[in-house]
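Structure assessment
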Amino acid sequence: MKKIIIFLFVLVIFSNFSQAISLLPVKTNEEVYVFDAKEVGIVEGVVSKDIALSNVKAWNSAMNSLSKNVKIVQIDKLDAFFEVADYDYRASKFNALRAIRIPSNIHLKMSDDVYLRVQPNASFSFHLLSVFEVKNVKITGGHLIGDRYEHNYSPISDKNGNPRNSHEWGYCLSITSSKNITVDNVYISSSSGDGINVNASKIRNRDGSPGTTIISENINIKNCFITECRRNNISIVDGNHINIIDNLITKSGLGKEINGSSSAGIAPKAGLDIEAYNENGSNGEIYQYEKVENVMISGNTFKGNRKADIILFISQNVLIEGNNIEKGIVCQYSSNSIIRKNTLIAKADEDGNMPTSGISTSNSRRVFNIEISYNDITGFENGLTLNGKAHKVHHNRVNEYKTGLVLGKLEDTEIYDNTYKTNQPKSYGLRSINGYVTGTVYLFNENFQATNRPLNFINYNQKGTGTLNIKDCTFNTSSSNSGFKLYLYNSKNINFKNITSNRNFEIVNSENINY
């Protein structure tokens, strides 16, 4: 009898051990591991919070148990929720601990029948899929789905008592301090924060040097469909050599904001935002705690985003080329960048408001050396709005505007060989109110058409110490109103040479105007 009982006991123990072993991927010499939900212990479909948490543990256990020979994790079918909420901190190094993760040297290959979903939660900060301090990772196919429309936006504070009521840091995919990463043909939607966020696990030295920070480098995001994320569809806050190519980026930040947080969009509401975190020192120095440089944004289509399609908030050495744009490109505090060969056709937002500027550069000491060339810009209130230093703006075609070119605060800039044509009522060609020049600004071989005044300067260069030179330019109006002349009021230090126009100058209370 005792022998029978011992035998049965050993049999049960062995059976349970075998079941436990079966929950882990088999370590074989095969390079491709076919991921099976039941095998690794993931429960599919709508589940409780506890089961969604066990799904996270099962996923990570499977990934951590892969043989070194495995190069591809292939998922043919999966639809599961994952409890990834972090109620303690807003930081990638903590959020990654609760996310589902991918190890180095792995290609996560997902079919169209794969859906990885955020378990609805009330957390202010979390990552669904985390690529954290790894190398040589490729993610292809599948769907990453956030909890934007099911999220609990109740007021909340972090572990240190800091209010985190905006709930804007939930990401579908976070790429943190990782190198040689490719994201290809992935569908990403409905994040309560950003769809994709590229960042570092900690801040840099004040001068922008990495120090002990691991920089995200060689990041490629291509052929993806990224849509309906509450904040931005893509945010890049730290990294080097990042390529955003041939993606469809739509419907970011939609929905009217109300008192308190909700699933409605939250600022910046951009298709793509490059937004390194910097601070200004007491003596004017800039502390570059985060830094983004060497970015290529090419061949993307932006549609239906709430605010700007592309924001260069703080960045360096960015190429924006060959994209289809509806809501414009904004250069806020960025430098040494090229914006060329893009097609910008303005479309109204969900409230019927048209975007303000096709391409704009802001009034900041940090905005310099921007080349804007060979773009087609149609239907914006202002085609080009220019501020900053040492720009070259040339060979753009600007059409159907209220104002073709707006001059703000400019220094040592050249603007040439652009054409401006419009039939919009009450439209201006070249316009400035309170703009001014430091150094010398040149406009030459420009062709302006308007239905109101083709040139309209008010209080121009009153604060400036430099000179505006306008040479070999054409200013015409299609209006029959003889009062729509080349108008300068309370302006100074402007040289005109070889001007062609169907209207005369009207110069009022101005000085040092040579024509």
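Report on the accompanying structure. (Residues numbered from 1 in each chain as written. Predicted model: local features only at pLDDT ≥ 70, side-chain atom pairs only at ≥ 80, totals over all residues. Heavy atoms only, no water.)

**A word on the layout of surface pockets**
Quick reminder of the rule: Definitions used throughout: a 1 Å grid over protein atoms alone; a cavity as a set of points that fits a 1.4 Å probe which cannot get out; a pocket as an open set with protein on both sides within 12 Å along at least five of seven lines; a lining residue as one with an atom within 4 Å of a point. Grid points are joined across faces, edges and corners, and a volume is the space filled by probe spheres set on the points. Where helices and strands are cited, they refer to DSSP runs of H or I of at least four residues and of E of at least two residues respectively, numbered from the N terminus. For this classification, Asp, Glu, Lys and Arg are treated as charged, while Ala, Val, Leu, Ile, Met, Phe, Trp, Tyr, Cys and Pro are nonpolar and the rest, including Gly, are polar.
Taken as a whole, the largest pocket spans an internal volume of roughly 650 Å³. Considering the residues around the largest pocket, the lining is formed by 24 residues, among which Arg90, Trp169, Tyr171, Val237 and Glu290 are closest to the centre. If you list the elements that add at least two residues to the lining of the largest pocket, you get helix 4 (92-98), strand 7 (125-132), strand 10 (169-176) and strand 13 (196-199). It is helix 4 that provides the largest number of residues to the lining of the largest pocket, a total of three residues. Considering the residues around the second largest pocket, the lining is formed by 14 residues, among which Lys307, Lys327, Met354, Pro355 and Thr356 are closest to the centre. Put simply, the parts of the chain that give the lining of the second largest pocket at least two residues each are strand 27 (329-331) and strand 30 (357-361). For the lining of the second largest pocket, a count of residues per class yields five nonpolar, five polar and four charged.

**Overview of helix 3 (residues 49-64)**
Our working rule: Expected helix span is computed as 1.5 Å times (number of residues minus one). Exposure categories follow from relative accessible area, calculated using a 1.4 Å probe and restricted to protein chains: below 20% of the type maximum is buried, above 50% is exposed, and the middle band is partly exposed.
Over its 16 residues, helix 3 runs 23 Å from end to end, which matches the ideal 22 Å to within 8%, given 1.5 Å per residue. By the burial criterion, the buried members of helix 3 are Ala52, Asn55, Val56, Ala58, Trp59, Asn60, Ala62 and Met63.

**Remarks on the pairing of strand 19 (residues 272-275)**
Under the convention used in this document: One bridge is not enough; two strands pair if DSSP finds at least two bridges between them.
Residues of strand 19 alternate between two faces, with Leu272 and Ile274 on one and Asp273 and Glu275 on the opposite face, all of them buried. Alignment of strand 19 against strand 24 (residues 310-314), held across four bridges, turns out to be parallel. Residue Leu272 lies in a different strand from strand 24, and its bridge partner there is Ile310.

**Quick notes on the environment of Gly466**
The criterion, for reference: In what follows, residue pairs with any heavy atoms lying within 4.5 Å of each other are defined as contacts.
Within the secondary structure, Gly466 is located in the loop between strand 41 (455-458) and strand 42 (467-471). Classification of Gly466 as buried rests on a relative accessible area of 4%. Considering only alpha carbons, one finds Gly466 and Ser201, 265 residues apart in sequence, at a separation of 45 Å. For Gly466, the contacting residues outside a window of four places in its chain are Val437, Thr438, Gly439, Asn461 and Asn493.

**A few points about the side chain of Lys291**
For clarity, the threshold we go by: As used throughout, the charge tally considers Lys and Arg to be positive and Asp and Glu to be negative, leaving His and the chain termini uncounted. For this analysis, a salt bridge means a side-chain nitrogen from Lys or Arg found within 4 Å of a carboxyl oxygen belonging to Asp or Glu.
Mapping Lys291 onto the fold places it in the loop between strand 21 (286-287) and strand 22 (292-298). It turns out Lys291 is buried and unbridged, and the closest side chain with the opposite charge, Glu293, is 4.1 Å from it. If near-sequence neighbours (up to four positions away) are discounted, Lys291 is found in contact with Arg204, Gly208, Val237, Asp238, Gly239, Ala276 and Gln316.

**Focus on the pattern of salt bridges**
Applying the stated criterion across every chain yields a total of 16 salt bridges. Across the pair Asp86 and Arg98 runs a salt bridge, and its minimum N-O distance is 3.4 Å. Of this pair, Asp86 sits in the loop between strand 3 (78-82) and helix 4 while Arg98 is found in helix 4, placing the two residues 12 residues apart along the sequence. Owing to a relative accessible area of 32%, Arg98 belongs among the partly exposed residues under this scheme. For Glu414, the salt bridge identified is with Lys392, shortest N-O distance 3.1 Å. Note that Glu414 is positioned in strand 36 (residues 403-416) and Lys392 in strand 34 (residues 392-394), a separation of 22 residues in sequence. Overall, Lys392 belongs to the partly exposed group, its relative accessible area being 38%.

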